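Observations on chain architecture
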Amino acid sequence: MKKYFYEYILKAGALIGAFMVFVTFIINLTSGVSAFSYWQGLPFFVVLMFLVSYFTRKLINSTKANLIQKESFILLFGLIASSTLIYSCYKILLFSFNPDFAQEYIDLLILSMNELQQLGIPEEKLDQLSLNIEDSVLASSLIKTYFNNLLFYVFLCFILSFLSFFRRSNKTSRNIMVNEVELKEKNDKN
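Residues numbered from 1 in each chain as written. Predicted model: local features only at pLDDT ≥ 70, side-chain atom pairs only at ≥ 80, totals over all residues. Heavy atoms only, no water.

**Overview of the overall build of the protein**
Helices and strands together make up the secondary structure of the protein, namely seven helices and zero strands. Looking at the protein as a whole, 34% of its 190 residues are labelled buried. The long-range share in the protein, meaning contacts at least 24 apart out of those at least 6 apart in sequence, stands at 82%. Accessible surface, the protein as shown: approximately 12500 Å² in total, 66% of it carbon and sulfur. (Helix = DSSP H or I, 4+ residues; strand = E, 2+ residues; numbered from the N terminus. Buried < 20%, exposed > 50% of the residue type's maximum accessible area, 1.4 Å probe, protein only. Contact = heavy atoms within 4.5 Å. Areas by Shrake-Rupley, 256 points an atom, 1.4 Å probe, with all protein chains shown as cover.)

In structure tokens:
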């Protein structure tokens, strides 16, 4: 079971990562930088969580196993970490080998930052933000972002595994209570 479990995590994580790369590649070809910057936010996270929950349910339904909280955490975190690693590598390659796209992305972010300038943000902060934006497409910044996101994913997966374990244990305890009541009723009839 353990070997199958870890192989499943790697294969499903690779499939999720490949799907996310494919979607991003199609978005880049059809819509360009503005759609790419929009896709990097909430839609990316929603699709990632949907795919992770799909593959988690698929494993649980195919093995008919009750995972303990530790295994649930490993499954969730493994799927997210492996898929986002593949996606981060794609982003590094995209920005490294397509400097025109990287420059368009930087220009779009700076343009949106200039809208903030109208809100009265100090000039020093805007200069620092523009430097951070230009550094955000560097490979070192993308790697740093990946590891920073892993900390968030550890926390998220811990909460999700705890909630799924808590829900499953409540369902199991309710089933045990129902079975005890049914057994007691049968004994009372006899």
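Further notes follow.
**Here we look at helix α3 (residues 42-63)**
End to end, α3 covers 32 Å across 22 residues, agreeing with the expected 32 Å (1.5 Å per residue, within 8%). Taken together, the buried positions of α3 are occupied by Phe44, Leu48, Met49, Leu51, Val52, Phe55, Thr56, Leu59 and Ile60. Along α3, the residues classed as buried sweep out an arc of 165 degrees about the axis, all on the same side. Turned more than 90 degrees away from the buried face of α3 sit Leu42 and Phe50, all of them exposed. At the C-terminal side of α3, Lys64 shows a positive phi close to 55 degrees. (Expected span 1.5 Å × (residues − 1). Arc of directions from axis to C-beta.)

**Overview of the packing of helix α1 (residues 2-30) against helix α4 (residues 69-97)**
Contact geometry of α1 with α4 gives a least axis separation of 8 Å together with a crossing angle of 35 degrees. Here the hand of the crossing between α1 and α4 comes out right-handed. Here the residues of the contact of α1 with α4 are counted per class, giving 18 nonpolar, seven polar and two charged. (Axes fitted to C-alpha atoms, helices over the stretch in contact; angles between N-to-C directions. Left-handed = near helix turned anticlockwise from the far one by under 90°. Nonpolar A, V, L, I, M, F, W, Y, C, P; charged D, E, K, R; others polar.)

**Brief notes about a negative patch on the surface**
A cluster of acidic residues, Asp100, Glu104, Asp107, Glu134 and Asp135, forms a negative patch on the protein surface. Sorting the residues of the negative patch by element identifies α5 (99-117) and α6 (123-135) as the ones contributing at least two each. Per element, the largest residue contribution to the negative patch is three residues, and it comes from α5. If you trace the backbone, Asp107 turns up in helix α5. For Asp107, a relative accessible area of 43% translates into the label partly exposed. (Patch = residues over 30% accessible without salt bridge, like charges linked within 9 Å, V, L, I, M, F, W, Y side chains within 5 Å. Salt bridge = Lys/Arg side-chain N within 4 Å of Asp/Glu carboxyl O. Lys, Arg positive; Asp, Glu negative; His and termini not counted. Charge placed at Lys NZ, Arg CZ, Asp CG, Glu CD.)

**Notes on the confidence of the model for the protein**
Confidence in the prediction of the protein, expressed as mean pLDDT, is 80, and 83% of residues score 70 or more. Within the protein, the element-level pLDDT minimum falls on helix α7 (residues 139-189), averaging 71, and the maximum on α4, averaging 89. Within the model, the stretch residues 169-178 combines pLDDT values under 50 with zero contacts to residues more than four positions away or in other chains. (pLDDT = per-residue confidence, 0-100.)

**As for the packing of aromatic side chains**
Under the counting rule described, the total for this entry stands at 12 aromatic pairs. On the basis of an interplanar angle of 70 degrees and a centroid distance of 5.4 Å, the ring pair of Phe5 and Tyr6 is categorised as edge-to-face. According to the relative accessible area criterion, Tyr6 is partly exposed, its value standing at 41%. Summarising the aromatic geometry, the rings of Tyr146 and Phe147 are spaced 5.2 Å apart at their centres and angled 70 degrees between planes, so their arrangement reads as edge-to-face. A residue is classified by how much of its surface remains accessible, and Tyr146, at 11% relative accessible area, is buried. (Phe/Tyr/Trp six-rings, centres within 6.5 Å; stacked < 30°, edge-to-face > 60°.)

**Quick notes on a nonpolar patch on the surface**
Taken together, the side chains of Phe155, Phe158, Ile159, Leu160, Phe162 and Leu163 present a nonpolar region at the surface, about 570 Å² in accessible area. Following the sequence through the fold, Phe162 ends up in helix α7.

**What to know about the environment of Ile27**
Here Ile27 lies in helix α1. Classification of Ile27 by relative accessible area gives buried; the value is 17%. Residues Ile27 and Trp39, spaced 12 residues apart in sequence, show a C-alpha to C-alpha distance of 8.3 Å. For Ile27, the residues in contact, after removing those within four places along its chain, are Gly32, Ala35, Phe36 and Trp39.

**A word on the packing of α1 against α3**
With their axes 11 Å apart at the nearest point, α1 and α3 run at an angle of 150 degrees to one another. The angle between the axes of α1 and α3 places the two elements in the roughly antiparallel class. You can see that α1 and α3 cross each other, and the crossing is right-handed. On the side of α1, the interface is formed by Tyr4, Phe5, Tyr8, Ala12, Leu15, Ile16, Phe19 and Met20, while α3 contributes Phe44, Val47, Leu48, Leu51, Val52, Phe55, Lys58, Leu59, Ser62 and Thr63. Partitioning the contact of α1 with α3 into residue classes produces 15 nonpolar, two polar and one charged. (Parallel < 35°, antiparallel > 145°, perpendicular 65-115°, else oblique.)

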